[in-house]
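Structure at a glance
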Amino acid sequence: MPANLTPEYKAAEAAFRKARDPRDQLDCLKDMLRTIPKHKGTENMRADLKKRIKELTTALAGASATGGARSGPATVIRPEGAAQIAIIGPPNSGKSTLHVALTGSHSTVGDYPFTTQYPQPGMLDYEDVQIQLVDLPPISAEHPVPWIANALQTADGCLLVIDLPHAGCVAEVVALHDLLAERRIHLVPHWPMGAGPSPVNDPFATVLPTLVVANKSDQLDDPGAELGVFAELTGYEYDGVAISARTGGGLEQVGRALWQRLDVVRVYTKIPGQKADFGRPFTVHAGDTVQDVATLVHKDIAKSLRFARIWSGNEFDGRQVGPEHVVTDGEVVELHV
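Let me sum up the structure you'll find in this document.

Conventions we followed
Residues numbered from 1 in each chain as written. Predicted model: local features only at pLDDT ≥ 70, side-chain atom pairs only at ≥ 80, totals over all residues. Heavy atoms only, no water. Core = buried A, V, L, I, M, F, W, Y, C linked by side-chain atoms within 4.5 Å. Buried < 20%, exposed > 50% of the residue type's maximum accessible area, 1.4 Å probe, protein only. Helix = DSSP H or I, 4+ residues; strand = E, 2+ residues; numbered from the N terminus. Contact = heavy atoms within 4.5 Å. Polar contact = N/O pair within 3.5 Å; in protein donor to acceptor, adjacent residues only side chain to side chain. Phe/Tyr/Trp six-rings, centres within 6.5 Å; stacked < 30°, edge-to-face > 60°.

So, about the nonpolar core. With 33 residues, the main nonpolar core has Ile88, Leu136, Leu152, Leu160, Ile162, Leu180 and Leu187 as its most contacted residues. At the level of secondary structure, the elements contributing two or more residues to this core comprise strand E1 (84–88), helix H5 (148–153), strand E4 (157–163), helix H6 (169–182), strand E5 (185–188), strand E6 (206–215) and helix H7 (223–234). Here this core takes 5 residues from H6, the largest share from any one element. Residues contacting Leu136, with those up to four places away along its chain left out, are Ala86, Ile87, Ile88, Lys95, Thr116, Pro119, Trp147, Ile148, Ala151 and Leu152. Within the second largest apolar cluster, 26 residues are counted, among which are Ala82, Tyr126, Ile131 and Val161.

Moving on, we get to the side chain of Ser217. Its location among the elements puts Ser217 in the loop between E6 and H7. According to the relative accessible area criterion, Ser217 is buried, its value standing at 11%. There is a polar contact of 2.8 Å between the side chain of Ser217 and the backbone oxygen of Ile243. Among all residues touching Ser217, those that are not within four sequence positions of it are Pro223, Ala242, Ile243 and Ser244.

Counting across every chain of the model gives 5 aromatic pairs. For the ring pair Tyr236 and Tyr238, a centre distance of 5.8 Å and an interplane angle of 35° mean the geometry is tilted. Tyr238 shares its class with Tyr236; the two are buried. With 5.1 Å between their ring centres and 50° between their planes, Tyr268 and Phe278 make a pair best called tilted.

The structure is reproduced here in structure tokens:
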């Protein structure tokens with residue numbers, strides 16, 4: 001039976017796909033439930049929406065006090081920085097060691113599996129931007145994580161950490177993909193998010209661009225060749241970088257590889273009559289506008305924005321543009337209200 005979805009529902013679904021903040025996602029899910037037609041053809045969709053709303057509400061409750069008591073550690077991390085990247089992998093692949101090496105976080109590191117129990121956020125500095133890396137528990141049939149789908153919904157992509165010298169690496173990674181697919185999480189090789197075809201026609205599926213991080217490469221004679229063999233055996237066409245989280249070898253590749261794939265634009269702001277602030281830039285997605293930058297600066301500025309002046313290192317520096325102007329990487333923006 002056809003669902004005959006309304007324009008209001010389709011708009012709410014599109015907003016849900018775009019949302020990254022878990023609270024915004026919850027609002028969108030509620031809008032979808034409110035606007036979806038109620039008939040036989042939408043019974044399963046309505047049940048799925050109610051389930052998602054309940055799961056996300058429970059996950060968010062872990063990060064906030066209710067009646068003066070916490071329900072437990074947060075399982076959904078609010079995105080910060082230029083992007084949120086989830087670090088996933090089989091047990092003992094070295095995820096937490098990598099997270100500590102890249103962010104200086106206090107993730108638990110041990111030579112035994114399942115040392116990471118809850119999401120651990122940290123910030124990776126790359127040039128003048130920060131990328132949020134979230135260390136997640138290992139993905140394995142022996143240690144199922146019921147909230148993993150909610151934790152991954154806010155991510156812009158994944159680092160799939162593999163123990164390339166380990167004999168069972170291929171089998172573990174194939175099993176990881178199967179377990180995620182059961183939870184409607186699909187890893188894809190194309191960046192940024194949404195750049196390539198979706199592997200499924202499912203509005204509630206989470207599709208994440210993925211970069212393979214081949215850890216413990218210091219134990220291999222030719223890590224590049226081993227990555228090629230891994231790709232041939234698994235059929236996964238991810239780009240990969242070979243590193244050693246223990247020795248620090250190749251770690252500089254990770255930030256550079258992420259930045260090249262995220263399609264993020266840095267914008268610097270300027271107060272009229274003053275010099276530009278070249279400290280921490282505001283980061284937006286390619287294709288975003290002056291209006292989007294104003295929203296990041298302050299909601300009141302966004303509401304009353306009239307125009308902006310733009311400096312981008314050419315003969316038109318200081319020119320006046322409207323709120324709809326698409327910003328480019330490195331531009332200086334002076335907002336006028």
